[in-house]
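One-letter residues, chain by chain:
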Amino acid sequence: ADAPSEAPARAGEVGAFKDDAVRDTFAAAEAAKAERAAIELEQVLVARARLHDHRFGRCSECDDPIPLDRLLVLPATNCCTACQAIRERAGRRLAH
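Residues numbered from 1 in each chain as written. Predicted model: local features only at pLDDT ≥ 70, side-chain atom pairs only at ≥ 80, totals over all residues. Heavy atoms only, no water.

**Concerning the pattern of salt bridges**
Applying the stated criterion to the full structure yields 6 salt bridges. Residues Asp53 and Arg55 are paired through a salt bridge, measuring 3.1 Å at the closest nitrogen-oxygen approach. Relative accessible area serves as the criterion here: at 40%, Arg55 is assigned to the partly exposed category. (Salt bridge = Lys/Arg side-chain N within 4 Å of Asp/Glu carboxyl O. Buried < 20%, exposed > 50% of the residue type's maximum accessible area, 1.4 Å probe, protein only.)

**Overview of the confidence of the model for the protein**
For the protein, the mean per-residue pLDDT works out to 85, and 82% of the residues sit at or above 70. When mean pLDDT is taken per element in the protein, helix α2 (residues 68-73) scores highest with 94 and helix α3 (residues 81-95) scores lowest with 84. (pLDDT = per-residue confidence, 0-100. Helix = DSSP H or I, 4+ residues; strand = E, 2+ residues; numbered from the N terminus.)

**Focus: the layout of surface pockets**
Where empty space is left can be seen by rolling a probe of water-molecule size over the atoms. Space inside the largest pocket adds up to approximately 230 Å³. Taken together, Gln43, Val46, Arg70, Leu74, Pro75, Ala76, Thr77, Asn78 and Gln84 make up the lining of the largest pocket. (1 Å grid on protein atoms, 1.4 Å probe; cavity = no way out; pocket = protein on both sides within 12 Å on 5 of 7 lines; lining within 4 Å. Points joined across faces, edges and corners; volume = space filled by probe spheres on them.)

**Re the state of the cysteines**
Using the criterion set out here, one finds 0 disulfides in the structure. Sulfur of Cys59: no disulfide; nearest cysteine sulfur belongs to Cys83 and is 3.6 Å away. Overall, the relative accessible area of 3% leaves Cys59 in the buried class. There is no disulfide at Cys79, and the cysteine sulfur nearest it, in Cys59, is 5.4 Å away. (Disulfide = S-S within 2.5 Å.)

**Considerations on the side chain of Arg50**
Tracing the backbone shows Arg50 in helix α1 (residues 11-52). Although Arg50 is buried, it forms no salt bridge, and the closest oppositely charged side chain is Asp63 at an N-O distance of 6.9 Å. Not counting residues within four places of it along the chain, the set of residues in contact with Arg50 comprises Arg55, Phe56, Arg58, Cys59, Ser60 and Asn78. (Lys, Arg positive; Asp, Glu negative; His and termini not counted. Contact = heavy atoms within 4.5 Å.)

Shown next, in the form of structure tokens:
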């Protein structure tokens with residue numbers, strides 16, 4: 001019988017491969033968390049600037065007041081629900 005061209009992987013090599021995969025997964029998750037935190041910080045800083053400029057709570061698109069219920073859920077938002085819907089529809093059209 002012909003011998004296989006490569007010897008089967010040893011248990012230690014498989015374990016090392018799994019360890020590397022776990023480390024890579026955790027590193028990717030941490031990078032994603034850090035990116036999300038940076039985005040949230042930027043949103044807070046922009047909202048703070050809008051507060052300082054007396055524009056907080058007003059839509060940056062139509063200048064209508066942003067409903068308090070929306071601000072309580074999304075305090076860093078800069079647009080009302082109607083303008084956000086327009087932005088999202090426009091974004092979907094651009095993506096296709």
